[in-house]
Amino acid sequence: MGMSTFKNIFLSAFNYKTEKYDIVENNKVGILYRVTQLCLIGYLIGWVFITNKGYQAVEESVQSSVITKVKGVVSINSSDTGFSLWGPEDYVVPAHGEANFFIATNVKEIPNQTLDNCAESDTVPDGRCRDDADCPRGEAVRAGHGIKTGRCLKGTCEIHGWCPDEGSQKSHVLGKAENFTIYIKNFIRFPRFSFSKSNIRETQDKNYLPTCNYDESVHPYCPIFRLGDIIRKTGHRFQDIAQAGAAIGILINWDCNLDLGSSQCHPRYSFIRLDLNTNVNSITTFNFRYARYYKNATGHDYRTLFKVYGIRFHVMVHGKAGKFSIIPTLVNIGSGLALLGVVSMKS
Amino acid sequence: MGMSTFKNIFLSAFNYKTEKYDIVENNKVGILYRVTQLCLIGYLIGWVFITNKGYQAVEESVQSSVITKVKGVVSINSSDTGFSLWGPEDYVVPAHGEANFFIATNVKEIPNQTLDNCAESDTVPDGRCRDDADCPRGEAVRAGHGIKTGRCLKGTCEIHGWCPDEGSQKSHVLGKAENFTIYIKNFIRFPRFSFSKSNIRETQDKNYLPTCNYDESVHPYCPIFRLGDIIRKTGHRFQDIAQAGAAIGILINWDCNLDLGSSQCHPRYSFIRLDLNTNVNSITTFNFRYARYYKNATGHDYRTLFKVYGIRFHVMVHGKAGKFSIIPTLVNIGSGLALLGVVSMKS
Amino acid sequence: MGMSTFKNIFLSAFNYKTEKYDIVENNKVGILYRVTQLCLIGYLIGWVFITNKGYQAVEESVQSSVITKVKGVVSINSSDTGFSLWGPEDYVVPAHGEANFFIATNVKEIPNQTLDNCAESDTVPDGRCRDDADCPRGEAVRAGHGIKTGRCLKGTCEIHGWCPDEGSQKSHVLGKAENFTIYIKNFIRFPRFSFSKSNIRETQDKNYLPTCNYDESVHPYCPIFRLGDIIRKTGHRFQDIAQAGAAIGILINWDCNLDLGSSQCHPRYSFIRLDLNTNVNSITTFNFRYARYYKNATGHDYRTLFKVYGIRFHVMVHGKAGKFSIIPTLVNIGSGLALLGVVSMKS
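All figures in this text were calculated on a predicted structure; none of them were measured in a lab.

A. Quick look at the pairing of strand 12 (residues 181-190) of chain A. Residue and element names in this part refer to chain A. For strand 12, the buried fraction is high: 10 of the 10 residues fall into the buried class. Residues T181, Y183, K185, F187 and R189 of strand 12 are buried on one face, and the alternating residues I182, I184, N186, I188 and F190, pointing to the opposite face, are buried as well. Two elements, strand 4 (residues 63-71) and strand 12, share nine bridges in a ladder whose sense is antiparallel. Of the residues in strand 12, the one forming a bridge with S64 is I188. Across three bridges, strand 12 lies against strand 14 (residues 224-226) in antiparallel orientation.

Structure, rendered in structure tokens:
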């Protein structure tokens, strides 16, 4: 029983089962059956494979590095503070070319502040008072600008802080800031495919970059953007938002089919205003304060405070790359065939 | 043979195969078979579809833009450097409202530094010496503060640099910094679904935003956070970490089921301390130095150096949105049915 | 008919169908059939499960927080501007330890600028002129440095701005900057698995961190990097890029199999130059300007302008964590078995 049984078991491993079928000739059921099959095959080929590129492995997390450079200059001629000139070293914050940056479009200069006693701004809720008891000495004003001295002056607490406060100064809109240019360098990398590219067009023309201006139809790959154009493309006017500021998103979208080769992988720019959901009643201005500190001849500090409103730019890079890969192809074929199989079983 | 054969082939395309089955009445195997089927259907409906929303396309890469604004003021009364006032323009770095920002909670001021010769700090390994030969003239101290002059002074090299060095000054903890408020504006966008929203509650109440304070149960959608509250929610006390600083993550989580509509898409805030894994023996303080430069009457530079310890905040936005889509639905049904089919074949 | 029919239907739910098979003994077809099956099982186990870890849920969006600290000092001895010392508070921008930071390696100092009239730089296209009509009074030079006064001086417009302009000054390469050290603290978190870790090695040796230097083979987990070493690892030489600057990516990759436990989850560092795709003819330098403002005894502003070229570092964290999960396991088994089923049906 030993050898021959073992041989039989071994050979039987190479048998295979085949099912018995009845061939049924029923045209109505048959047509329905074939149509369902065709729909499924169409769905598999058309939707899963052609439209959604089900045969590609997809990388959605792009590594991106953005460097920006703003150019342009604007002057203010104020009766209070005289002539002043604002260059990129002043109106771009931070100055060193980040992807998120702020361009001042409306500035208020409060020169010659010294540490002294004066009234708190009446826009600060905690700074309001009816009598001296509302202003306990030594306590800081919540969300305010100084330390309470214990006195109540005409409805607001007296504070010890940098005086005079900013209330009395006029602010100046930098209307010509719409002519500033923003040069955006973007380097991307899809780590899964070890693919990297930049948004700067490779050209032999030495004068292309210094003089071009981004335009969706004429210069779609020029990386230099006029500030006013960006605002206009978001559907707003520069002069409307220069006063209170805004947040603008510059979206760079890389949707790359790497099966077509590197040269077909282009950035597409779009521009959106980010702060529209903000409620009208809420604090919608985009401002911050900074100071320049000086010392006088006797070594005492004084400072110039700047309150700047402006446009906050966020360069956001969104990328997706697809490349043929065997795994998603098989998974998609597998589940597609499984659906086909289900149809066969049911019919 | 031409026409009729062709007709037969054409017609036979509408035939379909049906398998021959035996109906076996065996209750034990039958119950096992149905129970397995029910488990699989339960798994498919309950786990894949209801719990994991297998019928939705999911977007996990949210585009986010964060703007922060810190308010509050604190004073230092030092015997060395007199009265000084720290406002947001001084203690927030960078000043312009980034998602990653630093709030100084412990500051050391070294006024009136000039370029001169003095001893290197003894905490710098490369600055220690036994004799003059350890301090080669003209060489910079590795990770140090100046250029070696060639002399060894009581165990540390003499350097040419900004003197006096910071060692002798006391630092001042800004204890009242826990009352500072942080206003966080967050705008998000799910590009796949063209959906955008902000974290600022839409309300008609003009006084809501200026006066509200985030509280998990009472004001879960108020975007203004008290610094001390944030620290407390991470399980620490402000006074414990103000001295050496810390890194705090403010997580904003948008887990949005867009099938339910935009108004059901809310941010959820959570707060974690990020630097706990740091080894106790390693450098765990969070500090940096910056300087304010002045010129005296003769045009020579002097400066005030600030060494500030503080809390580094990282607003991190994590988002996920799901919306019904036909592809994942079919893939999940497909592989579910395939599993069912496998069970049928086996039984 | 009531009770017994109902009973029959109920019982028949526990019947099961079994197919009728013919066992065919055909070794050629049989061998092909088994080989195909073996290939598919091999693909399923080897590729899907072992190589691609198809049994794991994968989290690809890592939450990361990066803090950097640069140390080192360098001196400039210029015939124009005398001796000056550059410490981290001067050459690192921003100073407070961001993941994206700039280290100045080539600096030009233009001291004692005042608001005055002088010629525009001849590198600005819009500043060139043939006669006064090319320089309309009061108009800002596009991408320039001042406001046109209406006069044409030797080919370039006269401007009112900060004078003298930067053209005449020499720049100084900070050659010893290659000895600067960069300490990178990285805290990561995979929110899906509630897993967090830092890149700082847990050690009992108090002197490890202050003295170690990253080296791929000797100290792979030391988080302190010498600037020159980083550049060398990108395949370039520090002295070649110090003049014009560059953009360097420091990639930290966390590829964690959390089934193996936390201690097996390590960062891997790699270094790439990001700006290589830039065309040779385009603006490839990495520079920006900033100014220090002073007031003279009469209260007038003057300033020192710095134009700094340097290396822009981007610490980019890329993470992926996998952990056993039932869903992907079943989906992969399902579609694998579906493929197997298809083979069975065909044969």
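B. Quick peek at unusual backbone geometry. Here the amide bond leading from V93(B) into P94(B) is cis, since omega sits at -5°, within 30 degrees of zero. Tracing the backbone shows P94(B) in the loop between strand 7 (92-93) and strand 8 (100-119). A cis amide bond links C163(C) with the next residue in sequence, P164(C), at an omega value of 0°. Counting through the fold element by element, P164(C) comes out in the loop between strand 10 (156-163) and strand 11 (172-173). The phi dihedral of N112(B) is positive, around 60°, even though this residue is not glycine. Inspection of the secondary structure assignment puts N112(B) in strand 8.

C. Broad picture of the pairing of strand 15 (residues 246-257) of chain C. All names here are of chain C. The buried fraction of strand 15 is high, at 10 of 12 residues. The pairing of strand 15 with strand 18 (residues 301-324) spans 12 bridges and is classified as parallel. By the bridge assignment, W254 is partnered in strand 18 with G319. Alignment of strand 15 against strand 16 (residues 267-273), held across seven bridges, turns out to be antiparallel. The residue of strand 16 that forms the bridge with I250 is F271.

D. Region of interest: the packing of aromatic side chains. Summed over all chains, the structure comprises 43 aromatic pairs over all chains. Through pairs of rings, three or more aromatic residues link up here, namely W86(A), F102(A), F288(A), Y290(A) and F306(A). The cationic tip of K185(A) hangs over the ring face of F286(C); the distance from NZ or CZ to the ring centre is 4.5 Å.

E. Structural context of the side chain of N332(C). All names here are of chain C. Tracing the chain through its elements places N332 in helix 7 (residues 326-346). Reaching out from N332, the side chain makes a polar contact with the backbone oxygen of G54 at a distance of 2.8 Å. The contact partners of N332, leaving out residues within four places of it in the chain, are L44, V48, F49 and G54.

F. Focus on the environment of E120(A). All names here are of chain A. Positionally, E120 belongs in the loop between strand 8 (100-119) and strand 9 (146-153). E120 gets classed as buried once you look at its relative accessible area, which sits at 4%. Distance from E120 to S196, taken between C-alpha atoms, is 54 Å for residues 76 residues apart in sequence. Not counting residues within four places of it along the chain, the set of residues in contact with E120 comprises G127, V141, G144, H145, G146, T156, C157 and I159. Here H145 takes part through its side chain, which lies 2.8 Å from a polar atom of the side chain of E120.

G. Fine view of helix 2 (residues 27-51) of chain C. Residues and elements named next belong to chain C. At Y43, helix 2 shows its maximal kink, close to 25°. When we look at burial in helix 2, the residues that qualify are G30, Y33, Q37, L40, Y43, L44, V48 and F49. One or two positions beyond helix 2, positive phi appears at K53, with a value near 45°.

H. How the structure looks around the state of the cysteines. Residue and element names in this part refer to chain B. Under the counting rule described, the total for this entry stands at 15 disulfides over all chains. Put simply, C212 and C222 are joined by a disulfide, and their sulfur atoms are 1.9 Å apart. The disulfide joining C212 to C222 has a torsion of about 80° about its S-S bond and is therefore right-handed. You can see C212 sitting in the loop between helix 4 (208-211) and strand 14 (224-226) and its partner C222 sitting in the loop between helix 4 and strand 14, a full 10 residues away along the chain. You can call C222 buried: its relative accessible area is 0%. Across the disulfide from C256 sits C265; the S-S distance is 1.9 Å. The sign of the 65° torsion about the S-S bond sets the C256-C265 disulfide as right-handed. Residue C256 is classed as buried on the basis of its relative accessible area, which comes to 3%. Disulfide partners in chain A, listed by the sequence order of the bonded cysteines, are 1-6, 2-4, 3-5, 7-8, 9-10.

I. Up close: the nonpolar core. All names here are of chain B. Counting residues in hydrophobic clusters, the biggest one holds 52 residues, and the most contacted among them are W86, I103, F190, V308 and F313. It is strand 18 (residues 301-324) that provides the largest number of residues to this core, a total of seven residues. Not counting residues up to four positions away in its chain, the partners in contact with W86 are G72, V73, V74, I76, Y91, V107, Y290, F306 and V308.

J. Layout of a nonpolar patch on the surface. Residue and element names in this part refer to chain A. A cluster of nonpolar side chains, I41, I45 and I50, forms an exposed patch at the surface whose accessible area comes to about 280 Å². Within the secondary structure, I45 sits in helix 2 (residues 27-51). The class of I45 is partly exposed, set by a relative accessible area of 47%.

K. Expanded view of the pattern of salt bridges. Scanning all chains against the criterion turns up 37 salt bridges over all chains. As a salt-bridge pair, D240(A) and R237(A) come within 3.3 Å of each other at their nearest N and O atoms. Owing to a relative accessible area of 54%, R237(A) belongs among the exposed residues under this scheme. Here R289(B) and E166(B) are joined by a salt bridge, their closest N and O atoms 2.8 Å apart. On the criterion of sequence distance, the pair formed by R289(B) in strand 17 (residues 287-295) and E166(B) in the loop between strand 10 (156-163) and strand 11 (172-173) is long-range, its members being 123 residues apart. In this pair, the class of R289(B) matches that of E166(B), namely buried.

Parameters and conventions
Residues numbered from 1 in each chain as written. Chains lettered and ligands numbered in written order. Predicted model: local features only at pLDDT ≥ 70, side-chain atom pairs only at ≥ 80, totals over all residues. Heavy atoms only, no water. Buried < 20%, exposed > 50% of the residue type's maximum accessible area, 1.4 Å probe, protein only. Helix = DSSP H or I, 4+ residues; strand = E, 2+ residues; numbered from the N terminus. Pairing = 2+ DSSP bridges. Phe/Tyr/Trp six-rings, centres within 6.5 Å; stacked < 30°, edge-to-face > 60°. Lys NZ or Arg CZ within 6 Å of the ring centre and 35° of its normal. Polar contact = N/O pair within 3.5 Å; in protein donor to acceptor, adjacent residues only side chain to side chain. Contact = heavy atoms within 4.5 Å. Bend = angle between axes of the 7 residues up to and from the residue. Disulfide = S-S within 2.5 Å. Core = buried A, V, L, I, M, F, W, Y, C linked by side-chain atoms within 4.5 Å. Patch = residues over 30% accessible without salt bridge, like charges linked within 9 Å, V, L, I, M, F, W, Y side chains within 5 Å. Areas by Shrake-Rupley, 256 points an atom, 1.4 Å probe, with all protein chains shown as cover. Salt bridge = Lys/Arg side-chain N within 4 Å of Asp/Glu carboxyl O.

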